[in-house]
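# Topology and contacts: notes
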Amino acid sequence: MSRSTSTIRGALICGGVALGLLLGGCSATAEPQNTASPSAVSTPSAPSSSAAESPTWVPPSSPALSSDHPLTINIVIAKGKTIPNGVKYDMRVGQKVILNVTSDADDEIHAHTGGAGYEMQVQAGKPAKGSFTVDSPGSFEVESHHLDKIIAILNAR
Amino acid sequence: MLIPLHGIASRRDLPLPFSFVVAGAVLALVISFAILIFAWRTPRFKRVGGRDLPRVTAIVDSPVVKLIARALVLATYAWAGLAMMAGQDLLTNPIFGFVFVWMWVGLVPISLLLGQFWRATNPLRTIHRGLCAIARVDPEQGLISLPAGIGVWPAAIGLFGFGWLELVQPDRTTLAVLRVWALAWLVILVLGAIVFGQRWIGAADPFEVYASTIAQMSIFRRVGDQLRLVNPLAGLNAWRAPPGATAVVAALLGSTAFDSFTNTSWWIQTVQNSALPTVLWGTAGLLTMIIIVFVTFSLGAAWMGRYGDRPAWEYPRLMVGSLLPIVLGYVVAHYATLLIVEGQRVAINFSDPLGRGWNTFGSAEMGVNSAIFNHPTGIAVMQACAIVGGHVFGIICAHEKAVALLPPDRAVRGQLPLLLVMIGYTCAGLLLLFSP
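As a starting point, this report considers the structure included with it. (Residues numbered from 1 in each chain as written. Chains lettered and ligands numbered in written order. Predicted model: local features only at pLDDT ≥ 70, side-chain atom pairs only at ≥ 80, totals over all residues.)

This paragraph deals with the overall build of chain B. In terms of regular secondary structure, chain B is built from 19 helices and four strands. Radius of gyration (C-alpha) of chain B: 22 Å, near the 22 Å computed for a compact globule of 436 residues. (Helix = DSSP H or I, 4+ residues; strand = E, 2+ residues; numbered from the N terminus. Rg over C-alpha atoms; globule rule 2.2 N^0.38 Å.)

All names here are of chain B. For the pair helix H17 (residues 324-349) and helix H19 (residues 411-434), the least separation of the axes is 11 Å and the interaxial angle reads 5°. When the axis of H17 is compared with that of H19, the two are roughly parallel. In this structure, H17 contributes Ile326, Tyr330 and Ala333 to the contact, and H19 contributes Met422, Tyr425, Thr426, Gly429 and Leu433. Per-class residue counts for the contact of H17 with H19 are six nonpolar, two polar and no charged. (Axes fitted to C-alpha atoms, helices over the stretch in contact; angles between N-to-C directions. Parallel < 35°, antiparallel > 145°, perpendicular 65-115°, else oblique. Contact = placed C-beta atoms within 7 Å. Nonpolar A, V, L, I, M, F, W, Y, C, P; charged D, E, K, R; others polar.)

Here we come to the sheet that holds strand S1 (residues 71-78) of chain A. Residue and element names in this part refer to chain A. One open sheet holds the four strands; their spatial order is S2-S1-S4-S7, and the pairing between them is mixed. Of all strands in the sheet, those bounded by a partner on one side alone are strand S2 (81-83) and strand S7 (128-133). Direction aside, neighbouring strands of the sheet carry axes that sit 25° apart on average. Pairing analysis gives seven bridges linking S1 to strand S4 (residues 96-103), with the strands arranged parallel. When the bridges of S4 are listed, isoleucine 73 appears paired with leucine 99. (Pairing = 2+ DSSP bridges.)

Let us look at the environment of A:Gly125. Residues and elements named next belong to chain A. For glycine 125, the position within the fold is in the loop between strand S6 (118-122) and S7. A count of 10 C-beta atoms within 10 Å places glycine 125 in the exposed class. On a C-alpha basis, the gap between glycine 125 and aspartate 148 in space is 19 Å, while along the polypeptide they are 23 residues apart. (Buried ≥ 20, exposed ≤ 12 C-beta atoms within 10 Å, placed from the backbone.)

Attention now goes to helix H15 (residues 278-302) of chain B. Each turn of an α-helix holds 3.6 residues, which means side chains three or four residues apart point in the same direction. Here H15(B) spans 36 Å end to end across 25 residues, near enough to the 36 Å set by a 1.5 Å rise per residue. Buried residues along H15(B) sit against helix H8 (153-167), helix H13 (245-261), helix H16 (315-319) and H19 of chain B. (Expected span 1.5 Å × (residues − 1).)

Once that is clear, we can look at the sheet that holds strand S2 (residues 51-52) of chain B. Residues and elements named next belong to chain B. If you walk across this open sheet you meet the three strands as S2-S4-S3, and the pairing is antiparallel. In this open sheet, the two edge strands, each paired with only one partner strand, are S2 and strand S3 (220-223). Alignment of S2 against strand S4 (residues 226-229), held across two bridges, turns out to be antiparallel. For aspartate 52, the partnering residue across the bridge sits in S4 and is arginine 228.

Let's shift gears to helix H7 (residues 123-135) of chain B. Residues and elements named next belong to chain B. Across its 13 residues, H7 extends 18 Å between first and last C-alpha, which sits within 8% of the 18 Å expected from 1.5 Å per residue. Those residues of H7 lying buried are Pro123, Leu124, Arg125 and His128. Elements that come into contact with the buried residues of H7 comprise helix H3 (63-86), helix H9 (175-196) and helix H10 (199-204). One or two residues past the end of H7 sits arginine 136, with phi positive at roughly 55°.

Next comes the structure, spelled out in structure tokens:
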């Protein structure tokens, strides 16, 4: 008798916690998107919100579109801070990444690409443009070398 | 090759797909409660069991084999030391990968496959033994005897130190910084062994304590004088954790979790926007993670004191073995690709420690096979399986201990809080790999 009640109780607990977990999980996914969008004002990064007006953002679920459109990231470096500030971008392997950089100080942008990596010199006040491709799947950082800060993280699939 | 901002690899694994996180968490949850409710009610691993291996024991214990193994390991470290002291300050210097990949990550598979190999060949012990032989003193004897209660507490501090070096220390991939840490490690351990006797190394060397702890899950286990082939679960169940083992495990789990946590957008954005120094954030974050693990686990285990006949404070140490599979799962999920790919790079650069174009071991011309990265789904499956699998084995160990320590009618209730804590670690581990 006690066995069957404990089984039922167990099942209830299981179900309840599973449900709570699923809900908790959902709210956890929503969060990063919200936090990402304000800091990426100049960049069409945050999924849901900017997909419509941005030609560069590629939905992760449609690989067909991907490699044709470059991913453009507009980078502003000012007063020791970077915009975007550690924002994550979904992209495809082989997709071209274009960096448009404006900085108030001389800097060096580093991007890890799975191969030799990409380096770009930036002079104070002079807009600079550079591009590279990511050769293989992985999560790669785009960094400001002088500030030691992560500008963006490219999740290439 | 560009130097990455942190760590020695310029690539991280892709975030775990969210569906994997949900599936893994649900699976972990269902299996946990299934075990809690339906599993055995009387201890199953009262004895270690397994099969004696008299021949293997004779080979392993023969003085010649010991001498050769120790000499080879010592020579490997000496070679790495040469790279550190005389090599170039570039990421092609094998010393960085030697420390952060071969030693730190490599000790896990070594200890799983070969049991207490690390302890038997620890170069610190070899150096200390050599010094004692020259001075004609007994290596066991020190000037002062270590208090028995100290257990592995010094190693827990050492593991925090290594975690700090790996994850917080600025310029950790420069020779100047690494030399200071390596020298401190050598001096503290060897001088300590002279003062306290050889036991100090077993109490304070973070690498040996980490390796010995992981070796509790090995298929090889020494029972009495004999090596045995055992069921790893039975072997782990037989482990009598020393004082401080909970802190050691918390340091391991906490630092691995922190490594993932620093890759979340929230952390990067908060730290980079803050006026406070990054080092301060890193130190506080790492400490916080370790303390969270230590406190939640200790409270969950201490709850068993309400149902058993021992004082509550004894339970965390009795139960800590059940966290080891979770530690192993975390480590595999986080560092498997690093070991496989960067481990090869170390092997290649190891032929040329001074950067002069040498090819001492014939490996200098080999290329890194990074084909594993072309299978991101495979990597994700492996990561989720490691975390969930570690969790399941952890729950099994905890259940076994609970039914052995608590009266049968109270075993389920008594282990419930600990079970919830472990489910929390697993869900957190999965979420951190999802890396929001």
